[in-house]
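A look at the structure
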2 protein chains.
Amino acid sequence: MDSATQIDSFFESAPPLKDSSKITDKLNQFIHFDSPSSGRRVVCVTSGGTTVPLEQRCVRYIDNFSSGHRGAASTEYFIKAGYKVIFLYRRGTFQPYCSSLPEDPLLECFELADDSDFQVRRSHSEAVKGAVTNHHAAVAGGLLLKLPFTSIFEYLQMLRIIALSMRSLERHAMFYLAAAVSDFYVPWKSMAEHKIQSASGPLDMRLMQVPKMLSVLRTEWTPMAFCISFKLETDSKILLEKANTALKKYKMHSVVANELLTRKEEVTVVTETGNISVCRDKTRPESEVEDPLVELLVKRHSTYIKDAST
Amino acid sequence: MDSATQIDSFFESAPPLKDSSKITDKLNQFIHFDSPSSGRRVVCVTSGGTTVPLEQRCVRYIDNFSSGHRGAASTEYFIKAGYKVIFLYRRGTFQPYCSSLPEDPLLECFELADDSDFQVRRSHSEAVKGAVTNHHAAVAGGLLLKLPFTSIFEYLQMLRIIALSMRSLERHAMFYLAAAVSDFYVPWKSMAEHKIQSASGPLDMRLMQVPKMLSVLRTEWTPMAFCISFKLETDSKILLEKANTALKKYKMHSVVANELLTRKEEVTVVTETGNISVCRDKTRPESEVEDPLVELLVKRHSTYIKDAST
């Protein structure tokens, strides 16, 4: 099977996306909220891991772990840099403006007050106030649109809808593909309808490769968009080589290479003209590597937009 | 391999639990907060699904889906019935007293106020107030101890610690095992150290059966405790038969049989003396099936305690 046939067969076999026309409406309204001539840049940030169902009535699935911290933090820096952000995130993962909140915010941030009412704990009041006000300002200002997914089937169908909606933005569109997308899946039709029984002995499973959507995103869905993908490995020895292969194979504008254990400290931006190491500012404990990373990519995006007009 | 050897080899191969002595201290303090002669009943409610790592540096894993709604709601009814609850829950799943909150509570429940501060939205104020006050009252009153897990390795090690701590309560101890526990796992030592590469072709995997801990819980860890396990199936035809098999094989006092699609409406409590169907009160829209389910099990637990003293 060639790549186009694989992709067609993936989408044909996928369970249909609920509310796809509603999502398209939301996207069109969000993208064209400013006048189309305003030259506003729009970035689609993908975040969190996708799941692969092992049974049609989903009791078990394979999950690609990702807290979504990278995508959520980057969203904040893109908005700060003047971008409109379409945040395509895995349900339950980190949300923009919430990184300084505890794991269980509602129950940890509040306490009982004397009059049997409750109040925000003083220790968390700045974090809660920041989260609520920044989030509301971004959504109300038309700068942030949040769209949740769970499975690989939802993720890829939504990514296609978003890409087709952003196509008209040409070079002002950017994709920042930080989500951890499954490499393997069980085709919907060959999947067990009911829960796999554990009667006896080991379980043998055969998973198929998910067709690579990066190629079709670049060549067909949004051929003019500025595209950044991510490569995560646990083995540093193969990381840069694999990032370089992805850069060429999928014609990405940059690939952000990151290693599982050090990914919050530093990343390497792999480009056609060389590799750029990006570290967080270690003199400030609260600094994040996403700050200089987004700054660098925004600059490169500017150059990419200017290149077209010269 | 016989069952005891399988269990030993599971625990030996598992990555050691962090903070196990801290957890034991917390448990002992919680369980013996009242004087030991007070006859207070303690229930361990397990909730949410376990994960099975496929790689040691966990990027991918198999997840058993469960929102944790059953465990969280049941915890509230057990506390109402006077029990102390050890809530062993999967990180990120439903929490007691939070069922009427929206998916993203912090961002949906609050709004900006005039003075650039924020306030609780009127539409959510009762839900937020209820969640915060009930949760704090339960924790402060020594009625609720929450312990989170993620993987099958953490879950089973924590369950063993809890069971050993509850052993001295004899018949006053209860296990309400609502968590969706993986049937299959990859032994830690045979697991890929690094991320599985997707270079070419399909992925074949062999998963081993998780040894059945219910037997060892009943016969060795806490032989006197009142034990309730759950059976979830998507196929109603095999559900009651499988629940009955579990009842006998693991010597449970009851098995709660539930079907994926109707599990919020009704369940069947399978016992040695027959099956009891439990439905939620359909005349009240807010009623939950966990209300009559916990009521029934509390009564049966009372009978079980009385039986010992006659």
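All of the points below concern the structure found in this document. (Residues numbered from 1 in each chain as written. Chains lettered and ligands numbered in written order. Predicted model: local features only at pLDDT ≥ 70, side-chain atom pairs only at ≥ 80, totals over all residues. Heavy atoms only, no water.)

Looking now at the overall build of chain A. Secondary structure assignment for chain A yields 9 helices and 14 strands. Taking 310 residues into account, the globule formula puts the C-alpha radius of gyration at 19 Å, and chain A, at 21 Å, falls close to it. Taking the principal axes of its C-alpha atoms as reference, chain A extends roughly 65 × 60 × 45 Å. Within the span of chain A, comprising 310 residues, buried residues form 53% of the whole. Taking contacts inside chain A between residues at least 6 apart in sequence as the whole, the part at least 24 apart equals 72%. By element, 51% of the accessible surface of chain A is carried by carbon and sulfur atoms, the whole surface being about 14100 Å². Charged side chains of chain A number 38 positive and 37 negative; the gap between the two group centres comes to 4 Å. (Helix = DSSP H or I, 4+ residues; strand = E, 2+ residues; numbered from the N terminus. Rg over C-alpha atoms; globule rule 2.2 N^0.38 Å. Buried < 20%, exposed > 50% of the residue type's maximum accessible area, 1.4 Å probe, protein only. Contact = heavy atoms within 4.5 Å. Areas by Shrake-Rupley, 256 points an atom, 1.4 Å probe, with all protein chains shown as cover. Lys, Arg positive; Asp, Glu negative; His and termini not counted. Charge placed at Lys NZ, Arg CZ, Asp CG, Glu CD.)

What follows concerns the interface of chain A and chain B. Tallying the contact residues gives 61 residues for chain A and 61 residues for chain B. Both sides together, the interface formed by chain A and chain B hides about 5800 Å², and carbon and sulfur atoms give 60% of it. Scanning the region where chain A abuts chain B turns up 2 salt bridges. Mapped onto the side of chain A that touches chain B, the elements with two or more residues apiece are strand S3 (60-64), helix H4 (105-109), strand S5 (110-112), strand S6 (118-120), helix H5 (125-140), strand S10 (203-209), strand S11 (226-233) and helix H8 (236-249) of chain A. Strand direction decides the pairing type here: S3(A) and strand S3 (residues 60-64) of chain B, joined by 5 bridges, are antiparallel. The residue of S3(B) that forms the bridge with A:Arg60 is B:Asn64. (Buried area = accessible area lost by both parts, 1.4 Å probe. Salt bridge = Lys/Arg side-chain N within 4 Å of Asp/Glu carboxyl O. Pairing = 2+ DSSP bridges.)

In this section: the sheet that holds S3(B). Pairing in this open sheet of 4 strands is antiparallel, and the strands run S2(A)-S3(A)-S3(B)-S2(B) from one edge to the other. Pairing within the sheet leaves two strands with one partner each, and these edge strands are strand S2 (51-53) of chain A together with strand S2 (51-53) of chain B. Taking the axes of each pair of neighbouring strands and ignoring which way they run, one obtains an average angle of 25° across the sheet. Here S2(B) runs beside S3(B); their pairing, made up of 3 bridges, is antiparallel. Looking at S3(B), one finds that B:Pro53 is bridged to B:Tyr61. (Axes fitted to C-alpha atoms, helices over the stretch in contact; angles between N-to-C directions.)

The next subject is the pairing of S10(A). The pairing of strand S9 (residues 184-185) of chain A with S10(A) spans 2 bridges and is antiparallel. By the bridge assignment for S10(A), A:Tyr185 is matched with A:Met208. Alignment of S10(A) against strand S10 (residues 203-209) of chain B, held across 5 bridges, turns out to be antiparallel. Looking at S10(B), one finds that A:Arg206 is bridged to B:Asp204.

Moving on to the nonpolar core. Within the largest apolar cluster, 112 residues are counted, with the highest numbers of intra-cluster contacts made by A:Ile86, A:Met166, A:Phe175, B:Ile86, B:Met166 and B:Phe175. Apart from residues no more than four positions distant in its own chain, A:Phe175 is found in contact with A:Cys44, A:Leu159, A:Ile162, A:Ala163, A:Met166, A:Leu217, A:Thr222, A:Ala225, A:Phe226, A:Cys227 and A:Ile228. (Core = buried A, V, L, I, M, F, W, Y, C linked by side-chain atoms within 4.5 Å.)

Before going further, it helps to spend a moment on the environment of A:Phe10. By the element assignment, A:Phe10 lies in helix H1 (residues 3-13). Excluding residues that lie within four positions of it along the chain, A:Phe10 makes contacts with A:Ile152, A:Phe153, A:Leu156, A:Tyr185, A:Pro211 and A:Met213.

So, on to H5(A). All names here are of chain A. In a regular helix each residue adds 1.5 Å, so 16 residues correspond to 22 Å; H5 covers 22 Å between its end C-alpha atoms and thus fits that length. What H5 keeps buried is the set Ala127, Val128, Ala131, Val132, His135, His136 and Ala138. One side of H5 carries all its buried residues, which in axial view fall inside an arc of 165°. Turned more than 90 degrees away from the buried face of H5, the exposed residues are Glu126 and Ala140. One or two residues past the end of H5 sits Gly142, with phi positive at roughly 70°. (Expected span 1.5 Å × (residues − 1). Arc of directions from axis to C-beta.)

Let's shift gears to the packing of aromatic side chains. According to the stated counting rule, one finds 22 aromatic pairs over all chains in the structure shown. Pairing B:Phe153 with B:Tyr185 gives two aromatic rings, centres 6.1 Å apart and planes at 80°, and the pair type is edge-to-face. Here B:Phe153, found in helix H6 (residues 152-166), pairs with B:Tyr185, found in strand S9 (residues 184-185); they are 32 residues apart in sequence, far enough to count as distant. Each member of the pair, B:Phe153 together with B:Tyr185, is buried. An aromatic cluster is built from A:Phe10, A:Phe11, A:Phe153, A:Tyr185 and A:Trp221, whose rings are joined through pairwise contacts. Directly above the aromatic system of B:Phe11 lies the positively charged group of B:Arg160, at a separation of 3.8 Å from the ring centroid. (Phe/Tyr/Trp six-rings, centres within 6.5 Å; stacked < 30°, edge-to-face > 60°. Lys NZ or Arg CZ within 6 Å of the ring centre and 35° of its normal.)

With respect to topology, 4 strands assemble into an open sheet ordered S9(A)-S10(A)-S10(B)-S9(B), the strand pairing being antiparallel. Each edge of the open sheet carries a strand with a single partner, namely S9 of chain A together with S9 of chain B.

With that out of the way, let us pick up a negative patch on the surface. Residue and element names in this part refer to chain A. Where like charges cluster on the molecular surface, the negative patch consists of Asp2, Asp8, Glu12 and Glu220. Structurally, Glu12 can be placed in helix H1. Judged by its relative accessible area of 63%, Glu12 falls in the exposed class. (Patch = residues over 30% accessible without salt bridge, like charges linked within 9 Å, V, L, I, M, F, W, Y side chains within 5 Å.)

Residue and element names in this part refer to chain B. In this model helix H9 (residues 290-309) runs 29 Å from its N-terminal to its C-terminal C-alpha over 20 residues, within 8% of the 28 Å that 1.5 Å per residue would give. Listing the buried residues of H9 in full gives Glu290, Leu293, Val294, Leu296, Leu297, Val298, His301, Ser302, Tyr304 and Ile305. Buried residues along H9 sit against helix H3 (69-80), strand S8 (173-177), strand S11 (226-233), strand S12 (254-259), strand S13 (266-271) and strand S14 (274-279).

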